[in-house]
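Observations on chain architecture
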Amino acid sequence: MGERELAAAVRANHEVFLRTADRIGPVLAAHGLTEATAQALLMIDPDETPPSMKTMAERLHCNAPNLSFVTNQLVTRGLVERVADTRDRRSRALVLTGEGRRVRAEVERETLRRSPFSRLDADELKTLVSLLDRALEQS
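Remember, it's a predicted structure, so these values are computed and weren't measured experimentally.

A look at unusual backbone geometry
The backbone of H61 sits at a positive phi, close to 55 degrees, despite the residue not being glycine. Checked against the element boundaries, H61 lands in the loop between α3 (53-60) and α4 (64-76). Residue class for H61 comes out exposed when judged on its relative accessible area of 75%.

Structure (structure tokens):
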């Protein structure tokens, strides 16, 4: 492995993350969201079964108290509701409200539009996703 190339890849990845965060800051602020609450909102796919709190903690790589803090903010803003998990009634799942779906769609649309990745064509994006997926395997 070339250490110089690896360092360049890590720096570029970090730069894309920082630029995207900076560019979507005004969108998040307009909705009273932080980066953490926006990320949680984006992790709830309206076309999938509502994720359990445990699943959300795994997706966000955080512990239960942190997830509860973020979830409380989303509930207070009226963007999600905690409901009984249909797979395990003892657990809770997160469901987007109508407003949550609307805000999530806008945040996702603006994130995609403002991301440095938006400059890439479909073939380049396909290659990038393949490489990123490979890097994330078993990590």
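Quick look at the side chain of S115
With respect to the helices and strands, S115 occurs in the loop between α5 (98-114) and α6 (122-136). Residue S115 is classed as buried on the basis of its relative accessible area of 9%. A distance of 3.0 Å separates a polar atom in the side chain of S115 from the backbone nitrogen of F117. Apart from residues lying up to four places away in sequence, S115 is in contact with T20 and R23.

A word on the nonpolar core
Core analysis: the biggest nonpolar cluster contains 21 residues, and L33, L41, M56, L74 and V107 have the highest contact counts within it. Looking at this core, the elements that each hand over two or more residues are α1 (3-30), α2 (35-42), α3, α4, β2 (88-96) and α5. A per-element tally of this core places α3 first, with four residues. When near neighbours in sequence (up to four residues on either side) are disregarded, L41 contacts L33, L74, L79, V80, L96, G100, V103 and R104.

Concerning a nonpolar patch on the surface
Nonpolar side chains collect at one region of the surface, where F117, L120, L125 and L132 lie side by side and expose about 270 Å² of accessible area between them. Within the fold, L125 resides in helix α6.

Here we look at α1
Between its first and last C-alpha atoms α1 spans 41 Å; for 28 residues at 1.5 Å apiece the expected length is 40 Å, and the two agree. Residues of α1 that are buried: V16, T20, A21, I24, V27 and L28. Of the surrounding secondary structure, the elements contacted by the buried residues of α1 are α2 and α5. Backbone geometry just after α1 places G32 at a positive phi near 65 degrees.

Some words on the environment of A8
Mapped onto the elements, A8 comes out in helix α1. Under the relative-accessibility criterion, A8 is labelled partly exposed at 36%. The sequence separation of A8 and A84 amounts to 76 residues, and the corresponding C-alpha distance is 45 Å.

With respect to the pairing of strand β1 (residues 80-85)
Pairing analysis gives six bridges linking β1 to β2, with the strands arranged antiparallel. Note on β2: the bridge partner recorded for A84 is R92. The turn linking β1 back onto β2 is made up of two residues.

Quick notes on the rules
- Residues numbered from 1 in each chain as written.
- Predicted model: local features only at pLDDT ≥ 70, side-chain atom pairs only at ≥ 80, totals over all residues.
- Heavy atoms only, no water.
- Helix = DSSP H or I, 4+ residues; strand = E, 2+ residues; numbered from the N terminus.
- Buried < 20%, exposed > 50% of the residue type's maximum accessible area, 1.4 Å probe, protein only.
- Polar contact = N/O pair within 3.5 Å; in protein donor to acceptor, adjacent residues only side chain to side chain.
- Contact = heavy atoms within 4.5 Å.
- Core = buried A, V, L, I, M, F, W, Y, C linked by side-chain atoms within 4.5 Å.
- Patch = residues over 30% accessible without salt bridge, like charges linked within 9 Å, V, L, I, M, F, W, Y side chains within 5 Å.
- Areas by Shrake-Rupley, 256 points an atom, 1.4 Å probe, with all protein chains shown as cover.
- Salt bridge = Lys/Arg side-chain N within 4 Å of Asp/Glu carboxyl O.
- Expected span 1.5 Å × (residues − 1).
- Pairing = 2+ DSSP bridges.

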